[in-house]
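Examining the three-dimensional arrangement
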Amino acid sequence: MSTAPSTAATNAIGMVGLGVMGRNLAYNLADHGHPILGTDAWPEAITRFEREKGSAAVQSAPSIKDLVAHLARPRRIIVLVKAGEVTEQTLAQLLAVLEPGDLVVDGGNEHFETTERRAQMFAAKQVHFFGMGVSGGESGARRGPALMPGGDSVAYGLLKDALESIAATHSDGPCVTYCGPGGAGHYVKMVHNGIEYADMQLLAETYALLKHVGGLSNVELADTFARWNEGPLASYLVEITAAIFRKQDDLASGQLVDAILDKAAQKGTGKWTLQDAATLGCPIPTIVASVDARLLAARKIQRQTLHAHATHVAAPGTASRIGALALAPSERGAFVEDVERALYAAKILAYAQGFDLLHHASLARNWNLPFAELARIWQAGCIIRAKVLTQIRTAFLADPSLEHLLLSPALASAVGGGSASLRGVVSAGAQRAIAVPGLASALGYYDTIRTERLPANLTQAQRDFFGAHGYERVDREGTFHTQWL
Ligand code: 6PG
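Residues numbered from 1 in each chain as written. Predicted model: local features only at pLDDT ≥ 70, side-chain atom pairs only at ≥ 80, totals over all residues. Heavy atoms only, no water.

**Quick word on empty space enclosed by the protein**
- Tallying each qualifying case throughout the model produces 3 cavities of 30 Å³ or more.
- The volume enclosed by the largest cavity comes to roughly 40 Å³.
- Lining of the largest cavity is provided by Asp199, Leu203, Leu233, Ser235, Leu237, Val238, Leu343 and Lys347.
- By volume, the second largest cavity amounts to about 40 Å³.
- For the second largest cavity, the full set of lining residues is Phe355, Asp356, His359, Phe396, Leu402, Glu403, His404 and Leu405.
- Here the lining of the second largest cavity is composed, by residue class, of 4 nonpolar, 2 polar and 2 charged. (1 Å grid on protein atoms, 1.4 Å probe; cavity = no way out; pocket = protein on both sides within 12 Å on 5 of 7 lines; lining within 4 Å. Points joined across faces, edges and corners; volume = space filled by probe spheres on them. Nonpolar A, V, L, I, M, F, W, Y, C, P; charged D, E, K, R; others polar.)

What follows is the structure in structure tokens.
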């Protein structure tokens, strides 16, 4: 049974949506001295919320209308329901009963343009609306997520203390910061997810290389990733990768990872990242390669068909014409070290692309994104938390207007130090028909962005040849057109 309070819950924060994320975030808030009044469209969710709450500071209301009636003004309400249509309907219900000065925060993974449209809709009724990225999954929500709020900076003051109290903590401070106006919070979370896709794809490729070229067993893979987690690659994703390789299958023999179908799914934040990057003209090839890799991985049947037809060349995952897939045991140690260095360089290049996109978006939309702060709040709580973010933060603190991470001497030298390994590892994959599109894209990005004269002069000549699009010259000002034949 829900227990709507009989008197106004003066200082409670409203939580609409008591699924995994909403419920855990609510309990986290209550643990930190913020009374909660929660509701959900599903009575079962309210019952569970009540059953598991373990705190008198947590109460529930049977409906949005009841919840709003019991909250003191200005009301502070966090919405954590399924992004898209469900959020749209929930917000419409809230807007119908809220009053000027109230604040609503959407904590789902929503597209930033949708958030901006909703903020305007709410502003018409003088109700503040925030989009807030929440990263860290279920345990993050309960024990300390990274939070990325964006919207009206004055309204942020209504929730700042509460959010700081529940966010993950790092020695550099709580993992929450005001990201910027409009949809900046959801945008920052979107790019976080784009980087997350790249991080995950790079790890998947190193797995393929270590397994097929290095000949490592699952136990050896677990030990290798665990060891990497003690060094510069230390990160949440490397840590869980080690744990994954150790997990025994409880339905069959061996490790569970081998029984999982290689068909990757996605919910869309990676796609949004590359769509906006294309709109802004910002190259993020490693994130693009990662989204494409998931799309290719999803085409299991087609891959099986094409594998069966690939009789004229060595099929991936089989011994190639060049030789056996796996290296001799004596060469394996050096190869594993090369893969570690390559992964570190590629990871920095992927983060560099993500921050470059944030930089372009900030300029295009006048968001004034706080880059050092974003690196700071990603150091704990979120899925991409990693040791390298401390170096990235230091780079932005040293030069807040840093245009590109490769302009930081420390990061440039870290990538430079791993670049020979990256080249070797990409070529080891290519020679054996082991697909490494993420690593290869990072290398291509690195080589392209540092090339002073690219072959794009030919591209320009071709455009002018067939379309009279004009070209610029290296030796004089102006736009030129040539009658090529
Ligand atoms: C996080 C995650 C979280 C979610 C992704 C998964 O930061 O906690 O990013 O938001 O796991 O949205 O996205 P895909 O389903 O697209 O992989």
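**Comments concerning the packing of helix H13 (residues 285-298) against helix H19 (residues 437-449)**
- Contact pair H13 / H19: the axes reach a minimum separation of 8 Å and the direction vectors enclose 160°. Classified by the angle between their axes, H13 and H19 sit roughly antiparallel to one another. The element H13 and its partner H19 pack so that their crossing is right-handed. Residues Pro285, Thr286 and Ala289 of H13 form the contact with H19, whose own contacting residues are Pro437, Gly438, Ser441, Ala442 and Tyr445. (Axes fitted to C-alpha atoms, helices over the stretch in contact; angles between N-to-C directions. Helix = DSSP H or I, 4+ residues; strand = E, 2+ residues; numbered from the N terminus. Parallel < 35°, antiparallel > 145°, perpendicular 65-115°, else oblique. Left-handed = near helix turned anticlockwise from the far one by under 90°. Contact = heavy atoms within 4.5 Å.)

**Quick look at the sheet that holds strand S1 (residues 13-16)**
- A sheet is described by the order of its strands in space; here 7 strands give the open sequence S3-S2-S1-S4-S5-S6-S7, paired in mixed fashion. Each edge of the sheet is formed by a strand with only one pairing partner; in this case those strands are strand S3 (58-60) and strand S7 (146-150). Taking the axes of each pair of neighbouring strands and ignoring which way they run, one obtains an average angle of 25° across the sheet.
- Strand direction decides the pairing type here: S1 and strand S4 (residues 76-79), joined by 3 bridges, are parallel. Pairing of Val16 across the sheet is with Val79, part of S4.
- Most of the contacts of helix H1 (residues 20-31) go to S1, to which it runs at about 165°, and overall it touches S1, strand S2 (36-39), S3, S4 and strand S6 (128-135).
- Sitting on the sheet, helix H2 (residues 43-52) is in contact with S2 and S3, with an inclination near 155° to S3. (Pairing = 2+ DSSP bridges.)

**Quick look at the packing of aromatic side chains**
- A full pass over the atoms with the stated rule returns 16 aromatic pairs.
- Taking the centre distance of 5.9 Å and the plane angle of 85° together, the rings of Phe112 and Trp367 count as edge-to-face. Highlighted residues: Phe112 in helix H5 (residues 112-123) and Trp367 in the loop between helix H15 (329-365) and helix H16 (371-377), separated in sequence by 255 residues. Trp367 matches Phe112 in its accessibility class, with the two residues each being buried.
- Between the aromatic rings of Phe225 and Trp228, the centroid separation amounts to 5.0 Å while the plane-to-plane angle is 70°, which identifies the pairing as edge-to-face. Taken as a pair, Phe225 and Trp228 lie in helix H10 (residues 218-228) at a separation of 3 residues, close to a single helical turn. Accessibility classification places Phe225 together with Trp228 in one group, the buried group.
- Stacked on the ring of Tyr197, the Lys or Arg Arg294 has its end atom at 3.7 Å from the ring centre.
- The cationic tip of Arg450 hangs over the ring face of Tyr446; the distance from NZ or CZ to the ring centre is 3.7 Å. (Phe/Tyr/Trp six-rings, centres within 6.5 Å; stacked < 30°, edge-to-face > 60°. Buried < 20%, exposed > 50% of the residue type's maximum accessible area, 1.4 Å probe, protein only. Lys NZ or Arg CZ within 6 Å of the ring centre and 35° of its normal.)

**A closer look at the packing of helix H4 (residues 85-97) against H5**
- Packing of H4 against H5 leaves a shortest axis separation of 11 Å and a crossing angle of 15°. Put simply, H4 runs roughly parallel to H5. Relative to H5, the crossing made by H4 is right-handed. On the side of H4, the interface is formed by Thr87, Glu88, Leu91 and Leu95, while H5 contributes Arg117, Arg118, Met121 and Phe122.
- Looking at side-chain class alone, the contact of H4 with H5 contains 4 nonpolar, 1 polar and 3 charged residues.

**A look at the site of the ligand**
- If you check the shell around the ligand, you find 14 residues, and the closest are Ser135, Glu196, Tyr197, Lys267 and Arg294.
- Gly136 has a polar backbone atom sitting 2.9 Å from an oxygen atom of the ligand.
- Here an oxygen atom of the ligand sits 2.7 Å away from a polar atom, N or O, in the main chain of Lys267.
- Tallying contributions element by element places helix H9 (residues 184-212) first for the shell around the ligand, with 5 residues. (Near = heavy atom within 4 Å. Polar contact = N/O pair within 3.5 Å; in protein donor to acceptor, adjacent residues only side chain to side chain.)

**What to know about unusual backbone geometry**
- In this structure, the amide linkage connecting Arg73 to the following residue, Pro74, adopts the cis form with an omega of -5°.
- One can find Pro74 in the loop between helix H3 (64-70) and S4.
- One non-glycine residue with positive phi stands out, namely Asn368, at about 55°.
- Residue placement: Asn368 occurs in the loop between H15 and H16.
- With a relative accessible area of 67%, Asn368 lands in the exposed category.
- Within the chain, Ala433 stands out as a residue other than glycine whose phi angle is a positive 60°.
- Take Ala433: it is sitting in the loop between helix H18 (409-431) and H19.

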